[in-house]
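# Architecture and fold: a report
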Amino acid sequence: MPIRNDDTGSENLSRSEFAYTRLMAMIRSGELRGGQRLREVELAEQLGVSRTPVREALRRIGSEGLAQNSPGRGLVVTEYDKQQVRELYALRAVLEGAAAGLATRHASPAEIALMHEILERSVAALEAPGEMMRMNARFHSAIHEAAHNRYLAQALAQMSDALALLPGTTFAAPNRAREAYDEHLAILRALERRAPDEAEALARRHIELAGATRLRMMFGIES
């Protein structure tokens, strides 16, 4: 049995941080999905803490837009509508484009070599949507790190948390994995040529196409 106390002072803060970290991990892994109810009592029992740190963690998650009050249901994990998905991908296109442009200026040879390695490994994942999703995340993360801009990295991390609430993966759509691989390769070649405008345009287009695929999968519509 976990040891409980009055949850006061610094210990309460540490427990709140623990609850927040665990709940965010559950969101990122898909264990908590869009539309799922967030019950304080159940979550407290699951995490082995009292309701107070869970309540504080949920308040923080709500302030980040990852949880919302639903009439008749209480607090739920945010479930996006069509317009929200459009807005998410519009912003992501801007951020990913900026990261690619900066990476052309700052990426080291070792960082570019890592991107090549990830793309080589992704070839074997073209028929496995889940693995392709992981390779895609690694490739984009490599670009983010190569941009060497801490504030952009923070914005992209928040974007990643928001995107984690979307169901499934676009790589389950016919031909999308191969298309994404080709788009990644084009971006990498622009990085190697140190062509920031081209890399930014290619990265933006890559996300726009991913967004169009997402809208078709979720709502049966074009962007």
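Residues numbered from 1 in each chain as written. Predicted model: local features only at pLDDT ≥ 70, side-chain atom pairs only at ≥ 80, totals over all residues. Heavy atoms only, no water.

Bringing the packing of aromatic side chains into the picture now. Aromatic rings in a pair are described by how distant their centres are and how their planes are angled relative to each other. Across all of its chains, the model carries zero aromatic pairs by this definition. The ring of Phe219 has Lys82 lying over it, and the distance from NZ or CZ to the ring centre is 5.5 Å. (Phe/Tyr/Trp six-rings, centres within 6.5 Å; stacked < 30°, edge-to-face > 60°. Lys NZ or Arg CZ within 6 Å of the ring centre and 35° of its normal.)

Another aspect to go through is helix α4 (residues 82-106). Compared with an ideal rise of 1.5 Å per residue, which puts 25 residues at 36 Å, α4 spans 36 Å between its outermost C-alpha atoms and is within 8% of the ideal. Sitting at the head of α4, Asp81 places a side-chain oxygen 3.2 Å from the backbone nitrogen of Gln83. (Helix = DSSP H or I, 4+ residues; strand = E, 2+ residues; numbered from the N terminus. Expected span 1.5 Å × (residues − 1). Polar contact = N/O pair within 3.5 Å; in protein donor to acceptor, adjacent residues only side chain to side chain.)

Mapping Arg138 onto the fold places it in helix α6 (residues 129-147). Accessibility expressed as a relative area gives 33% for Arg138, which makes it partly exposed. Sequence-wise, Arg138 and Met115 are 23 residues apart; in three dimensions their C-alpha atoms are separated by 8.5 Å. Each residue touching Arg138, except ones within four places of it in the same chain, is listed here: Leu114, Ile118 and Arg121. (Buried < 20%, exposed > 50% of the residue type's maximum accessible area, 1.4 Å probe, protein only. Contact = heavy atoms within 4.5 Å.)

What follows concerns the pattern of salt bridges. Note on pairing: side chains with opposite charge can pair once their charged atoms come close. Enumeration according to the criterion identifies 13 salt bridges in this entry. For Glu131, the salt bridge goes to Arg134, with nearest N and O atoms at 3.0 Å. One end of the pair, Glu131, and the other, Arg134, are both in helix α6, three residues apart, so they sit about a helical turn from each other. Classification of Glu131 by relative accessible area gives partly exposed; the value is 28%. (Salt bridge = Lys/Arg side-chain N within 4 Å of Asp/Glu carboxyl O.)

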